[in-house]
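# What the coordinates show
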Amino acid sequence: MERIATAEKIRLVDLGAQYQAIHKEIWSAMRNVVENSAFVLGKHVKDFEGDFAAFCNARFAIGVASGTDALTLSLKALEIGPGDEVITAPNSAFPTAEAITLTGAKVVFADINPDTFNIDPAEVEKKITKKTKAIMPVHLYGLPAQMDELEELCRTHDLKLVEDAAQAHGAEYKGRRVGTIGNVACFSFYPSKNLGAYGDGGAVVTNDEAIADKARMLRNHGRHEKYCHEIEGCNSRLDALQAAILSVKLKYLDEWNKKRRQHARYYDELLSSVENVITPTIPAKMKSVHHVYVIRVRDRDNLRKKLKEDNIDTGIHYPIPLHLQPALAYMGLESGSFPKAEEATSTILSLPLYPEMSKEQVERVADAVKQHAK
Ligand SMILES: *Cc1c(COP(=O)(O)O)cnc(C)c1O
């Protein structure tokens, strides 16, 4: 007989729950933008940029149209382009690699540390050539990459360090917030990110005034003054409506990240002794913001199916490693090229996690995992 799910659905993320808590402030901020006809750049974008820079403990934040653009424009601001190579991880969201290609530079992958899912500095070192210009670690799932080792490689080989911090707003590495460790950091405000807009958005964050200035020009047709275009840029401005929404949400971000951490610790506690389940490893001196909570489990697809029957949504971040994506087939990288990233692909499972989740919901998910993972 087929199982009939009766329990209430638990989503992977629930943006509606968050909206309910802040809807009055959101509408007031949106009304403000509309009534002032301040739609492009201007006060709302500037205010948010100041607030977000302060949140990261950085000097500058430049609002752009997406996280992908933040990556592309950061690389361009560093003068990276055709003939150059950028090293990154193969187990990220597709835009990580795409942004490199969009500059004309070549993507070079390095395998990951299977415990943290982040790029392995020892593997990065093997991939450095005369053409390498930058290392682009991803702070995957909200956990900072091994920045000391990567900084050291950049010093030794005269490379730039570009943080893909799209999943890590507020994460900390040895007491420093991500966004100020590399030369430049790139954030996404895609709706489901820890800080999400009601549409697309992103930011370039840096302490380097020259990079900030260049990124600011690039996002706005290469200009400082209205009709004088000093370089060729593009239109990648953060929308003022999104900036106003983000300013409201930013005030709650530390609290939301704290709740994510509490839920993650509770999952750890409930799942740590479950056979066949490996909970996330958070190295000492790192503070994850748990963009997603990822366990590793044998027979993952079966567990996923069982959880679905219990009305519990799960995700896989990500089901196809970047080097095996059809779009990158031209790179000629076959299955087996990055064994650790590939192994992760077949065992990872993202469990529901969002700030507004209740303790009971975490318990229900953990109980179901316990029951089915055997
Ligand atoms: C979301 C994401 C991006 C791209 O951000 P968009 O705002 O969707 O363009 C890049 N890298 C990582 C790791 C991401 O999670």
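Quick summary incoming for the structure in this document. (Residues numbered from 1 in each chain as written. Predicted model: local features only at pLDDT ≥ 70, side-chain atom pairs only at ≥ 80, totals over all residues. Heavy atoms only, no water.)

## Brief notes about the site of the ligand
The environment of the ligand is made up of 16 residues, and the closest members are Gly 67, Thr 68, Asp 164, Ser 188 and Lys 193. At 3.4 Å, a side-chain N or O of Thr 96 approaches a nitrogen atom of the ligand. Protein chains bury 91% of the 380 Å² of accessible surface belonging to the ligand in isolation. Elements supplying a minimum of two residues to the shell around the ligand: α3 (67-77) and α4 (94-102). With three residues, the single largest contributor to the shell around the ligand is α3. Looking at the shell around the ligand residue by residue, the classes come out as six nonpolar, eight polar and two charged. (Near = heavy atom within 4 Å. Polar contact = N/O pair within 3.5 Å; in protein donor to acceptor, adjacent residues only side chain to side chain. Areas by Shrake-Rupley, 256 points an atom, 1.4 Å probe, with all protein chains shown as cover. Helix = DSSP H or I, 4+ residues; strand = E, 2+ residues; numbered from the N terminus. Nonpolar A, V, L, I, M, F, W, Y, C, P; charged D, E, K, R; others polar.)

## As for the packing of aromatic side chains
The final tally for this structure, using the stated rule, is 10 aromatic pairs. When the centroid spacing of 5.6 Å and the interplanar angle of 25° are considered together, the rings of Tyr 252 and Trp 256 count as stacked. Of this pair, Tyr 252 and Trp 256 both sit in helix α8 (residues 240-271), four residues apart, which is roughly one turn of the helix. The class for Tyr 252 is partly exposed, based on a relative accessible area of 23%. What makes Trp 256 buried here is its relative accessible area of 6%. By the ring-pair criterion, three or more aromatic residues cluster together here, those being Phe 48, Phe 52, Phe 55, Phe 187 and Phe 189. The cationic tip of Arg 177 hangs over the ring face of Phe 55; the distance from NZ or CZ to the ring centre is 4.4 Å. Seen from the ring of Tyr 266, Lys 359 lies directly overhead, with NZ or CZ sitting 4.9 Å from the centre. (Phe/Tyr/Trp six-rings, centres within 6.5 Å; stacked < 30°, edge-to-face > 60°. Buried < 20%, exposed > 50% of the residue type's maximum accessible area, 1.4 Å probe, protein only. Lys NZ or Arg CZ within 6 Å of the ring centre and 35° of its normal.)

Purely geometric stuff here, so don't read any function into it on its own.
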